[in-house]
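Summary of the model geometry
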Amino acid sequence: MPLSTSFIPGIDRYCDRWCERCPFTSRCRHYHLEQHHPPKDESGEPDIFNAEYWMRMQREFSAAVHRISRQAESQPLSPDDALFSFHRSARDHPCSLKALEYAGLLDHWKNSDRIWPPLPEEAGEIIRQYHYFLYPKLVRAIEVGLTSGAGSPVGEAAEGTAKTVLIAIERSLAAWGLVYQAYPLYEDDVLPLLLHLDRLRKSVEAVFPEARAFHRPGLDD
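From a predicted model like this one, the values you see are computed outputs, not experimental measurements.

1. Digging into the nonpolar core
Membership of the largest hydrophobic core comes to 43 residues, with the highest contact counts inside it found for Leu 134, Leu 138, Ile 169, Trp 176, Val 204 and Phe 208. At the level of secondary structure, the elements contributing two or more residues to this core comprise helix H3 (94-111), helix H4 (121-130), helix H5 (134-146), helix H6 (158-182) and helix H7 (187-207). In terms of residue count, H6 provides more of this core than any other element does, 12 residues in total. Setting aside its immediate chain neighbours within four residues, Leu 138 contacts Cys 95, Ser 96, Ala 99, Val 165, Leu 200, Val 204 and Phe 208. If you look at the next biggest cluster of nonpolar residues, it comprises five residues, including Ile 11, Phe 24, Cys 28 and Tyr 31.

So this is what it looks like as structure tokens:
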């Protein structure tokens, strides 16, 4: 069976691998090949329900950033946070280490002896999806950036991968913002995670200043 001509070239290079929540699976060649069946929606139209889901989370992200802005201002970035060093590996870059630290903080949060209330459903989905996503994706962005102009992967841009990381961070911030709202008694436990993610977001923006402007095929149309 021939592949659909409605597939968007390169859309899978900058996605977050969360096909269940992606409104563009019907136009993704990678998804089609992995599933071994024709796209569910031959019309090629985005899934409006998932689109609304992410628009709602974008509003929550804005609220979360506003909520922590004062605390974040008291913790300015260090020079290393914004340094794209060509003398260290991508795994040892300050941004990568911050992303790895977030995974560790969340592991500690999950595995502590303290009894936590159940997470709000939407927040829990997002937190679990991006728990271990940020570090390897950010390492990848830095690796591509370090090899730029010297054998960088064909068709892949560091800024595009970094933009995917930024979006995942923003969604995680929105999810933790929902937890913060739902359980005010746990403010002292959730706030450090919010602050850490916000600092990571700012560090990635400093390292990849053109990431926001990058146009990801299909996803940013």
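2. A few points about H5
Compared with an ideal rise of 1.5 Å per residue, which puts 13 residues at 18 Å, H5 spans 18 Å between its outermost C-alpha atoms and is within 8% of the ideal. Taken together, the buried positions of H5 are Leu 134, Lys 137, Leu 138, Val 139, Ala 141, Ile 142, Val 144 and Gly 145. Against H3, H4, H6 and H7 lie the buried residues of H5.

3. Focus: the side chain of Ser 96
One can find Ser 96 in helix H3. Taking relative accessible area as the criterion, Ser 96 reaches 0% and is therefore assigned buried.

4. What about unusual backbone geometry?
At Arg 17, a residue that is not glycine, the phi angle is positive and equals roughly 60°. Locating Arg 17 in the fold gives a position in the segment before helix H1 (29-35). Owing to a relative accessible area of 42%, Arg 17 belongs among the partly exposed residues under this scheme.

Quick notes on the rules
Residues numbered from 1 in each chain as written. Predicted model: local features only at pLDDT ≥ 70, side-chain atom pairs only at ≥ 80, totals over all residues. Heavy atoms only, no water. Core = buried A, V, L, I, M, F, W, Y, C linked by side-chain atoms within 4.5 Å. Buried < 20%, exposed > 50% of the residue type's maximum accessible area, 1.4 Å probe, protein only. Helix = DSSP H or I, 4+ residues; strand = E, 2+ residues; numbered from the N terminus. Contact = heavy atoms within 4.5 Å. Expected span 1.5 Å × (residues − 1).

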